[in-house]
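Residue strings, one per chain:
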Amino acid sequence: MTDSNPGSAKPTLKTLPGDDVRQILWRYSDRYDLQMVVQAARSVARGLVARLVAEGARHTHEWTPDKQRLLEAMDEAGITAVAIDPEHGGYIPGPKNLALALVAFELSWVDAGAATASLAGNLALAPIHERGTPEQVAKYMGGAVPAAPGEDRRTLRGAFALTEPIPYVGVDTNTMAGRVRVAEWKEGEEPILHVDKRGRFITNAAFANFACAAVASDDPRIKGSCMVILEDTDEGVWDPGSPTLKLVHQLSATNDPIYSLKVPASRIIGGYTVQDGVIVPNYSHAEVIEAVFRRTRVTVGLMTAAKLLSAVEPVIRYHRQRFRGGGQLQPGSPRYELGIQQREDALHRLIDVWATGEAAASLGFYTARLFDEFDPLEREKDRLFAERGIKGARAQLKAFAAVKDAALEFIRLEHLPADRRDAARYEELLNDTLVQFVVKDALSQVFCPATKLWNTGVGANMMREAVSLMGGYGITEDCPGFLGQKWMDAQLEATYEGPEAVQRRQLTVTMVNDLFLAQFRHWIRQMRQIAAKKPGTGACTLATAMELWLWTIGYLQKAKDANGETLYHGQRQGVAFPMADALSWLLASRQQILDVLELEEKGGDNPALADGFEGTVAFLTDLCHVMAARASGEVGRIVAELVYGYLRHPSWDGDCDSCFRASELEAVASVVPGFDSSPLEVIQDDDTHADKAGPCVRFPGMERFRELRLKLDGCLTGARLAKDRAAAALTEVMIPEALDYPR
Amino acid sequence: MSNGYHIVVCGSLVPDPLQALEPVTTPDGPALKNESMLPSVLDPWAAHALYEAAHLAKTVPGSKVWLVSLGPKAKLQQLMMTVAQKAPFEFVAVDGSASGFTDSFETAQALAKAIESIAGLDRQRLLLFGGCSSASRDAGTTVGMVGALLGIEEQFLAVDEIVPQEDGSFRVKERVEGAQYLVSECAGAPAVLAWATGNLPEPPNNPQVGMTNMRTIMPALAKAQPAGNLRGSLRFESVETPTQRRETRVVKDAGIDEIARELADWIRG
Ligand SMILES: Cc1cc2nc3c(=O)[nH]c(=O)nc-3n(C[C@H](O)[C@H](O)[C@H](O)COP(=O)(O)OP(=O)(O)OC[C@H]3O[C@@H](n4cnc5c(N)ncnc54)[C@H](O)[C@@H]3O)c2cc1C
């Protein structure tokens, strides 16, 4: 058999990938505004933020003047205004998901608490941005732009108040204690509402001067639930509450606030109508938070990705320098030059950390870009629906169902070569807003939870590996790169804005949407095509794992367990949740491969990359292969457990099609030579049999599954050679003398 | 001064000083290992000159700032993603090596040529700014030679402060031996000011300023002329790094006293 991977004499990584490489991988090489935002965020992160952490600012739970400086630095560097549209005083036109993702990534490279402080401000504005009335948008988005020196106004800073004290809102957002009722309603005037809301773990509450609070009606004159904007100057109680004693993200402010305030009904986010004397909010709290979280969760996923990639340089440096300085070692000796890098396991584990970081970043940035494409489509869809008078969830679903076939047709055409498809029809569907909306919606409903779930969950586990690689140093505050803090911080990222269970629950529904699965099927072929040209990427391995996942999801949806119970449904989390995890591995690995292909294709045009480009691509390709193998392994393990785990093991005394009595076997073998050498279960005439749980498992209808499982094992060929090559590159890559931020 | 100054800052990129800089021999002579792949920063002395120029332009109405950079085009573009955010300026690029292994005379010639061709530059109002030193070559001669090639006789080296006067003249503080300053009065432009560190902190990044600057930066990069041979007749016998062990630690914004104390402690052992 020949090795499909490039040989070891090929060029290898010379320096750590720089901005030129990242800009191509994450597709913002033609966006100078974003490149500048990255630099601006980086200077705050590696300047003030790093200094604060190094000086111990994380040791307090309170919001201190030092931490307040952080907000000012972010205002000054343009970070606060990134989320705001130019017409309200911002400077980045169009959708800003990628921009915000890049900011969060840069800040989290040093400290995710700082990223959270920035993110929470955007989270507070998001309900208004997504669903607010034009007046609300103008007032709060405009007010959130940092006041210029000499400008006589205070900068608006918000908090997003959904979570409530136990036993109320947490993962379950319908058990709400926050209340709204009519306080005053004078004839012909705007109603005045009374809002009672207690929050738990509310970021920014310590210093916010407005909050978007989720509340339910406590009054027959108000229908359902809504989100409402509260201000610190409203009449009543505005108590920021006590700080949460959190172990992580201490550069952000988390409190349990108490609000009991009178506000005009115009503060209901998205407005309201009055029907038969009842105030009917245009959006329930659930509709608002759905629109918000589907975007902001992506950013959280990128925070963990940044941590993983930020760990690479400090670990390499620590390993190389580990034995220097004692006087006995001579420069030039392997122990002096390579230190712990002489040990294969240390190299391999760092490769795992690095590959996970690459895949997480690829997945997260793709999802952010997807939302940049999705945002204008959604606005156009809203406009169309308003024009056609389509209102309410049920009417909208009906409208979507009506274009489902056209959407499936579009997906089919899109994956045909341009010269083999009906160009006119394709064009027509491409320009059909609703078709495009449902196609992209199907993707975003999978990619957003997958990013949040995989990046933070697998990322947190992987950060532990990074910490381990630093030995005892790893769990001290002195660890370069703050790796110990980052490990703990990752756990919050896996929790807030919806813990992993929430993401798995969403995937349970969205990953079996036909429109998603149709696209997924095409990606399998796409991976094979990539593999044909670039065998070293692991794309073929991944394609087989994808087939296996697809087979399994189809099986689980139809099959029943040994007790006759349906396997795949929302309540059976033991089945659906692991499948959500498995899918996320696949999506992350696929996105990583696609990004490296982009780099290979576009990087050649950039003269700044000419030197060492081949080596960089070869190394990143090896990381893809490592990740594809790992993802496939996870998928294989998960699906095997699910497919077999719910069946009852055959027993010796039950129905056993493959069991033969020894005497029976002898008789058949005398007429059918060789029959007794086939894999049969033999029960001796004295009823004894081989020592095992029962006859080996052989269920009818599973042939394809077994075939794919077996094939997947073979598809791992070469993956470890790729890992060896990548590990060798770690010993040669040039790194800076010191980290570019203090500790 | 009624019309303001035309301030031209000469400055280009150098490898980020945190990088491991290792000399290697190439067919074209000495170079730094993986130099083109290392992240770069604006030469620190030139950066001070730029911040001082921006500050001066703000205080003297009618003034304008240009930044003239000789460096590899693609790397300059990446550098501008940061530098463009620091201060408003118009950009002029010359495509060539910014390596420390070029000759400062050839470099000065290329810069002078680029400055001569700046449209709208009033040479009578010209203040030529740059670094008195550089993190790459450190010849300490480039800016002076550019001035000489442009026929500017008033030259101030290692400048830490300029105080403009109402009548267009200005007072300059230059570093001299023994931590002393030489204070000079100059009747006005044209003059050369090669900056030491100045007194201004690095301005925070401001993407909005950056995006305004990008309007001239991209066209300037597109039409950047090649600088040609910058090594002249220069030959290097040998190139080596100092034998001292380098121990780098990043501490930002430490006070002078603190740094002095740490050094003294270190020397004492
Ligand atoms: C530092 C910090 C900052 C925060 N900032 C904000 C903020 O700004 N605004 C805000 O509104 N909230 C904020 N939160 C709250 C955060 O979003 C919630 O903590 C989170 O959504 C989980 O809610 P909970 O803690 O009540 O967990 P619970 O609801 O008690 O869930 C606990 C665990 O039980 C399991 N579980 C629960 N329900 C299910 C289910 N249906 N299926 C399967 N498993 C389940 C899961 O394992 C879950 O992780 C913040 C939290 C922290 C710690």
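Scroll up a little and you will see the structure.
Residue numbers run consecutively from 1 along every chain, following the written order of its sequence. The order in which chains are written sets their letters, starting at A; the order in which ligands are written sets their numbers, starting at 1. In keeping with the predicted nature of the model, local features appear solely for residues at pLDDT of at least 70, side-chain atom pairs appear and are counted solely at 80 or more, and the whole-chain, interface and lining totals rest on all residues. The basis for the side-chain values is all heavy atoms of the structure; hydrogens and waters are excluded.

Chemist: How would you sum up the pairing of strand β9 (residues 272-275) of chain A? Please name residues and give values.
Modeler: All names here are of chain A. DSSP bridges decide pairing: two strands pair if at least two such bridges lie between them. Strands here are runs of E lasting at least two residues and helices are runs of H or I lasting at least four, both read from the DSSP assignment and numbered beginning at the N terminus. One ladder, built from four bridges, connects β9 with strand β10 (residues 278-281); its direction is antiparallel. When the bridges of β10 are listed, Q275 appears paired with V278. Linking β9 back to β10 in an antiparallel pair, the connection comprises two residues, with D276 at a positive phi of about 50°.

Chemist: Tell me what's going on with empty space enclosed by the protein, and back it up with residues and numbers.
Modeler: Residues and elements named next belong to chain A. Only protein atoms enter the 1 Å grid used here. Points where a 1.4 Å probe fits but cannot escape make up a cavity, open sets with protein on both sides within 12 Å along at least five of seven lines make up a pocket, and a residue lines them when an atom lies within 4 Å of a point. Grid points are joined across faces, edges and corners, and a volume is the space filled by probe spheres set on the points. On inspection of all chains with the given rule, the structure shows four cavities of 30 Å³ or more. For the largest cavity, the calculated volume is near 200 Å³. T80, A117, S118, G121 and R157 are, among the 17 residues lining the largest cavity, the residues nearest its centre. Counting residues per element, the ones that place at least two in the lining of the largest cavity are α3 (65-76) and α5 (112-131).

Chemist: Let's hear about the site of the ligand: which residues, and what values?
Modeler: Residue and element names in this part refer to chain A. Around the ligand, the structure places 20 residues, and the nearest of them are F160, T163, R200, F201 and T203. As used in this structure description, the phrase polar contact means that two N or O atoms lie within 3.5 Å; if the pair is within protein, one of them must be able to donate a hydrogen and the other to accept it, and residues adjacent in sequence are counted only when both atoms belong to side chains. Contact distances for the ligand include 2.7 Å between an oxygen atom and a side-chain N or O atom of R200. Under the convention used here, a 1.4 Å probe and the Shrake-Rupley method define accessible areas, while residue burial counts only the protein chains that appear. Bound to the protein, the ligand loses 68% of the 980 Å² it would expose on its own. Contributions of two or more residues to the shell around the ligand are made by β4 (202-203) and α15 (500-510). Here the term charged refers only to Asp, Glu, Lys and Arg, the term nonpolar to Ala, Val, Leu, Ile, Met, Phe, Trp, Tyr, Cys and Pro, and the term polar to all other amino acids, Gly among them. For the shell around the ligand, the residue count by class is nine nonpolar, seven polar and four charged. One heavy atom suffices: a residue is near a molecule or strand as soon as one of its heavy atoms comes within 4 Å of it.

Chemist: Requested: an account of the interface of chain B and chain A, with residues and values cited.
Modeler: Should any heavy atoms of two residues lie within 4.5 Å, those residues are considered in contact. The interface is formed by 32 residues belonging to chain B together with 37 residues belonging to chain A. Each of two parts loses accessible area, computed with a 1.4 Å probe, when they are put together; buried area is these two losses added. Carbon and sulfur atoms supply 60% of the area buried between chain B and chain A, which totals about 3000 Å² over both sides. Three residues, M37, Q78 and K252 of chain B, lead the burial of chain B against chain A; their summed loss comes to 21% of the area buried on that side. We count a salt bridge whenever a side-chain nitrogen from Lys or Arg sits within 4 Å of a carboxyl oxygen from Asp or Glu. Along the contact surface separating chain B from chain A lie zero salt bridges. Taken together, the connections running from chain B to chain A amount to eight residue pairs in polar contact (both at pLDDT 80 or more). Listed by contribution, the elements that provide at least two residues to the side of chain B that touches chain A are α2 (73-83) and α5 (207-222) of chain B. The leading source of residues in the side of chain B that touches chain A is α2 of chain B, at seven residues. Tallied by class, the residues present in the side of chain B that touches chain A amount to 14 nonpolar, twelve polar and six charged.

Chemist: Quick rundown of unusual backbone geometry? Include the residues and the values.
Modeler: For the bond running from I166 of chain A to P167 of chain A, omega is 15°, close enough to zero to count as cis. Tracing the backbone shows P167 of chain A in the loop between β1 (158-161) and β2 (179-184). The omega torsion of the bond from A189 of chain B to P190 of chain B falls at -5°, within 30 degrees of zero and hence cis. Tracing the sequence through the fold places P190 of chain B in the loop between β11 (180-186) and β12 (191-195). Located in the positive-phi region is F482 of chain A, a residue other than glycine, with phi close to 50°. Accessible area is worked out with a 1.4 Å probe on protein chains only. A residue is then buried under 20% of its type maximum, exposed over 50%, and partly exposed in between. Among the residues examined, F482 of chain A registers a relative accessible area of 2% and is labelled buried. Positive phi values are uncommon outside glycine, yet E497 of chain A reaches one of about 55°. Checked against the element boundaries, E497 of chain A lands in the loop between α14 (483-493) and α15.

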